[in-house]
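# Residue-level structural notes
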Amino acid sequence: MTARTAEESKTIMTDLVLPSETNPLNNLFGGELLARMDRAASIAARRHSRRIVVTASVNHVAFNRSIPLGSVVTIEAKVSRAFKSSMEVYLDVWIEDRESGECIKANEAIYTFVAVDETGRPIRVPELIAETDLEKQRFEAALRRKQLSLVVAGKMKPNDATELKALFE
Ligand SMILES: CC(C)(COP(=O)(O)OP(=O)(O)OC[C@H]1O[C@@H](n2cnc3c(N)ncnc32)[C@H](O)[C@@H]1OP(=O)(O)O)[C@@H](O)C(=O)NCCC(=O)NCCS
């Protein structure tokens, strides 16, 4: 299976915030942002694996900055690491300033997708090649996050989480 670069999976989605997508403070509803990020991440995972992909977990979401009604929101999703059948996808969310056109980082998130066959069984995905410093940094930390996610989900014993143990030694 040919390895693919993170850049090959890059997915950019730009959209507006409409009134029906906001909370009583006129900011983007959190669930709406989660859904938009899920869509962008699934496209990135599909571009990397060229397979059917399903969301296995949402590992991290930080709603650091609210996104007001009328904002232009850009979500950039890229696969940060591929394992056997699972892929970690890192998302960066930006808001565009109307006057300056400058993009300000609003939020980020990390999702895990699994490539499956037509019957829903996990199948192997190509390795990921990290090229830039940021991609390499995210690649390095991805195994630790995978183990943490599996421990929290009760799918891995804490004693088997080698990367997490190393943090406390
Ligand atoms: C995701 C799914 C395919 C995993 O199936 P499974 O029987 O647990 O399969 P496995 O135990 O072999 O795990 C498959 C991979 O997922 C990873 N995985 C499973 N749960 C995970 C979690 N909570 N966090 C991170 N990775 C996870 C495993 O580590 C494994 O990765 P690897 O092959 O790269 O090592 C299955 O749980 C599923 O179909 N879930 C529903 C998906 C869905 O419908 N999503 C939309 C929600 S509305």
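Residues numbered from 1 in each chain as written. Predicted model: local features only at pLDDT ≥ 70, side-chain atom pairs only at ≥ 80, totals over all residues. Heavy atoms only, no water.

Attention now goes to helix H1 (residues 30-49). Note: α-helices contain 3.6 residues per turn, so residues at a spacing of three or four share the same orientation. The end-to-end C-alpha separation of H1 is 28 Å, in line with the 28 Å expected for 20 residues at 1.5 Å each. Buried within H1 we find Leu33, Arg36, Met37, Ala40, Ala41, Ala44, Ala45, His48 and Ser49. Arg50 occupies a position one or two residues after H1 and carries a positive phi of about 55°. (Helix = DSSP H or I, 4+ residues; strand = E, 2+ residues; numbered from the N terminus. Expected span 1.5 Å × (residues − 1). Buried < 20%, exposed > 50% of the residue type's maximum accessible area, 1.4 Å probe, protein only.)

Bringing the UniProt feature "domain: HotDog ACOT-type" (unreviewed entry) in the protein into the picture now. According to UniProt, the positions carrying the feature "domain: HotDog ACOT-type" (unreviewed entry) are residues 7-119. Between the C-alpha atoms that bound residues 7-119 there is a distance of 29 Å. The span itself is 18% helix and 47% strand. (UniProt positions renumbered as here; feature names shortened; annotations may be inferred.)

Taken in spatial order, the five strands make up an open sheet running S2-S4-S5-S6-S3, and their pairing is antiparallel. Looking at the sheet topology across the chains shown, the edges are occupied by strand S2 (11-16) and strand S3 (52-62). Strand-to-strand twist across the sheet, computed as the mean angle between neighbouring axes with direction ignored, equals 25°. Bridge count for S2 against strand S4 (residues 72-82) is six bridges, and the pairing is antiparallel. Paired with Ile12 across the strands is Glu76, a residue of S4. Of the strands in this sheet, S2, S3, S4, strand S5 (86-96) and strand S6 (103-116) touch H1, which is tilted by about 40° from S4. (Pairing = 2+ DSSP bridges. Axes fitted to C-alpha atoms, helices over the stretch in contact; angles between N-to-C directions. Contact = heavy atoms within 4.5 Å.)

Okay, a nonpolar patch on the surface next. The grouping of Leu34, Val58 and Phe63 at the surface amounts to a nonpolar patch, some 250 Å² of accessible area in total. By secondary structure assignment, the location of Val58 is in strand S3. Its relative accessible area of 43% is what places Val58 among the partly exposed residues. (Patch = residues over 30% accessible without salt bridge, like charges linked within 9 Å, V, L, I, M, F, W, Y side chains within 5 Å. Areas by Shrake-Rupley, 256 points an atom, 1.4 Å probe, with all protein chains shown as cover. Salt bridge = Lys/Arg side-chain N within 4 Å of Asp/Glu carboxyl O.)

Moving on, we come to the site of the ligand. Near the ligand, the surroundings consist of 16 residues, among which Lys84, Ser85, Ser86, Lys146 and Ser149 are the closest. Here Ser149 contributes a side-chain N or O atom positioned 2.6 Å from a nitrogen atom of the ligand. For the ligand, a nitrogen atom lies 3.0 Å from a polar atom in the side chain of Lys155. Within the complex, the protein chains bury 56% of what would otherwise be the 940 Å² of accessible surface of the ligand. Within the residue set of the shell around the ligand, elements represented by two or more residues are S3, S6 and helix H2 (133-152). With four residues, the single largest contributor to the shell around the ligand is S3. (Near = heavy atom within 4 Å. Polar contact = N/O pair within 3.5 Å; in protein donor to acceptor, adjacent residues only side chain to side chain.)

Along the chain, Thr11 falls in strand S2. A C-alpha to C-alpha distance of 19 Å links Thr11 and Ala142, two positions 131 residues apart in sequence. Among residues more than four places away in sequence, those in contact with Thr11 are Ala40, Ile43, Ala44, Arg47, Ile75, Glu76 and Ala77. Looking at Thr11, its side chain comes within polar contact range of the main-chain nitrogen of Ala44, at 3.4 Å.

The next subject is the packing of aromatic side chains. All chains considered together, the criterion is met by one aromatic pair. Taken together, a centroid distance of 6.4 Å and an interplanar angle of 15° make the contact between Tyr111 and Phe113 stacked. We note that Tyr111, like Phe113, is buried. Note that Arg81 overlies the ring of Phe139, its terminal NZ or CZ placed 4.2 Å from the centroid. Directly above the ring of Trp94 sits Lys105, whose terminal nitrogen or CZ lies 5.6 Å from the centroid. (Phe/Tyr/Trp six-rings, centres within 6.5 Å; stacked < 30°, edge-to-face > 60°. Lys NZ or Arg CZ within 6 Å of the ring centre and 35° of its normal.)

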